Amino acid sequence: MGRGIGGPAIGEERITAWLEAFLVRLGARCRRQAVEPGRDNLVAELSWPGAGRPIVLEAHQDTVPVDGMTVPPFDAEVRAGRLYGRGACDVKGGMAAILAALERLAAERPKGAASVVAAFTVDEESGFTGVRRLARDLPAGAAFAVVAEPTRLEVVVAHKGLARWRVRTHGRSCHSARPAEGVNAVYRMAPVLSALEEYAAVLSAGSSHPLLGGPTLSVGVIRGGTSVNTVPGSCEIEIDRRLLPGEDPAAAVDHCRQFLFDRFPASGLEIEPAWISDRALDTPPDSEAARVCLAAVRKVRGGAEPVGVPYGTDASKLADAGLPSVVLGPGDIAQAHTADEWIEVAELERAVEVYVELVKLAG
Ligand SMILES: [Zn+2]
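## What to know about the packing of aromatic side chains
- For the structure on display, the rule yields 2 aromatic pairs.
- Between W18 and F22, the aromatic rings sit 5.4 Å apart at their centres with planes inclined by 20°, giving stacked as the arrangement. Note that W18 and F22 are positioned in helix α1 (residues 13-25) at a spacing of 4 residues, about one turn of the helix.
- Using a relative accessible area of 10% as the deciding quantity, one classes F22 as buried.
- If you follow R79 out to its NZ or CZ, it ends over the ring of Y84, 4.3 Å from the centre.
- Lying across the ring of F128, K317 places its NZ or CZ 3.4 Å from the centre.

See the structure below:
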C-alpha cells in the first residue's frame with residue numbers, strides 16, 4: 001500500500017497469476033486489465049447454459065503492509081475458529097468466499113441463476129486506480145455489483161465520500177532568541193485551526209443522511225518548524241472531509257477554502273486542491289441490487305437491513321460509472337489493517353452461502 005512497487009514479493013502480480021489459474025480451471029473466461037506495470041485487474045466471466053445476465057462480484061487483490069503484525073502474516077493459522085493473517089479480513093476472506101461460491105456455481109450450474117463476472121482489482125488500499133480502470137470497461141449488461149469488504153454480512157447501500165487536502169501558513173523564520181525579527185507560521189496556523197473546528201461543528205449539524213448521519217471534517221496532521229530554537233517559517237495541516245451523497249468533493253474543498261479566505265483575508269494562506277477524493281455511495285434500499293442481497297442474507301442467516309458506513313470502498317466508483325453497487329462481505333472492519341488481523345471461519349462459510357444465494361436470486 002502506497003509504496004514503490006518492486007521485487008517479486010511486492011505488488012499483486014503473484015496473486016493475479018494464482019487467481020487466473022484457479023478461475024481458468026473452473027472454466028471461467030479470464031482477461032486482464034493492465035493498471036500499472038506488474039499490476040493487473042483480473043476479470044473472470046463464468047456462465048453456463050440457462051444463466052442470465054451477469055452480476056459482478058468484486059474484491060481487491062492488495063492488502064496493507066505487514067509491518068508491526070503480532071501474528072504470522074502469511075500462515076493463515078486457524079485458532080479457536082478464527083483464521084489469522086494479513087488480509088484475512090480485508091479482503092482475502094471475502095475473495096476466498098467469492099472463489100468458493102464460483103466453484104460451487106461452476107459445479108452446480110443452477111438454471112435461471114445470474115451469470116457471474118468476478119473482478120479482482122489492484123490498488124484499493126492507496127489509490128483506487130484498479131477499480132477506476134474496471135469502471136472504464138464494465139462488463140456489458142451487468143445488473144449490479146457486490147463489492148466484498150468486511151461488513152459482517154450486512155448489506156451496505158451507502159457510504160460516505162472523501163476529500164483530503166493541505167493548508168499551509170507562511171511566516172519568516174529566524175533565531176528563536178529574537179522571535180520579533182521573524183513571523184511565526186505556527187502561530188498563524190492557530191486561529192485557522194480554531195476556525196476549522198467551528199466550521200466542522202456547523203457542517204456536521206447542517207445536514208444528515210438517514211443511514212450516514214452528518215458530514216464531518218477533521219484535521220489529522222500538523223507539521224511546522226524544524227527545531228525549538230528556530231521561529232518556524234511554515235506550517236502545514238492535512239484535512240479529512242467525509243462527504244454525504246450528492247456532495248461534490250471539489251465543491252466541498254472550495255466551500256471550506258472560501259470560508260478560510262473570508263475569515264483570514266490577506267493572511268497568505270495556501271490551500272491546495274484535494275490530493276484524494278471520492279464520491280459517496282447511495283444505492284436505493286429498494287433497488288434490485290439491495291433487494292437481492294438483502295434476500296440472500298435473510299435466507300442464510302435470518303434478518304438483514306440496509307446499512308450505511310463511514311468508510312469508502314470500490315463500490316462508489318462502480319456506482320458512479322453507472323453500475324448499481326452494494327458492499328457485502330464477511331468479517332468486521334474493526335479487524336481490518338490490525339496487528340492480529342483475523343476472520344471467523346464460520347462467517348466465511350456463511351459468506352459463501354450468501355454469494356451463491358444472491359447469484360441464484362439475481363437470475
Ligand atoms: Zn479492503
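## Thoughts on the coordination of the zinc ion
- Each protein donor to the zinc ion is listed here as H60 (NE2), D90 (OD), E149 (OE) and E149 (OE); together their distances run 1.8 to 2.5 Å.
- For the zinc ion, all donor residues lie on one chain, and their spacing in sequence is H-x29-D-x58-E. Placement of H60 in strand β3 (residues 52-60) and of E149 in the loop between β7 (145-147) and β8 (155-159) is noted, with a sequence separation of 89 residues between them. Across the pair, exposure class does not vary: H60 and E149 are buried alike.

## Section: the side chain of R86
- When you line up the elements, R86 lands in the loop between β5 (82-84) and α2 (92-108).
- Overall, R86 belongs to the buried group, its relative accessible area being 9%.
- Sequence-distant contacts of R86, defined by excluding residues within four places in its chain, comprise T63, V64, P65, V66, M69, P73, H337, T338 and E341.

Cut-offs used in this document
- Residues numbered from 1 in each chain as written.
- Predicted model: local features only at pLDDT ≥ 70, side-chain atom pairs only at ≥ 80, totals over all residues.
- Heavy atoms only, no water.
- Phe/Tyr/Trp six-rings, centres within 6.5 Å; stacked < 30°, edge-to-face > 60°.
- Helix = DSSP H or I, 4+ residues; strand = E, 2+ residues; numbered from the N terminus.
- Buried < 20%, exposed > 50% of the residue type's maximum accessible area, 1.4 Å probe, protein only.
- Lys NZ or Arg CZ within 6 Å of the ring centre and 35° of its normal.
- Donors = N, O, S within 2.8 Å, 3.2 Å for Na, K, Ca; no water.
- Contact = heavy atoms within 4.5 Å.

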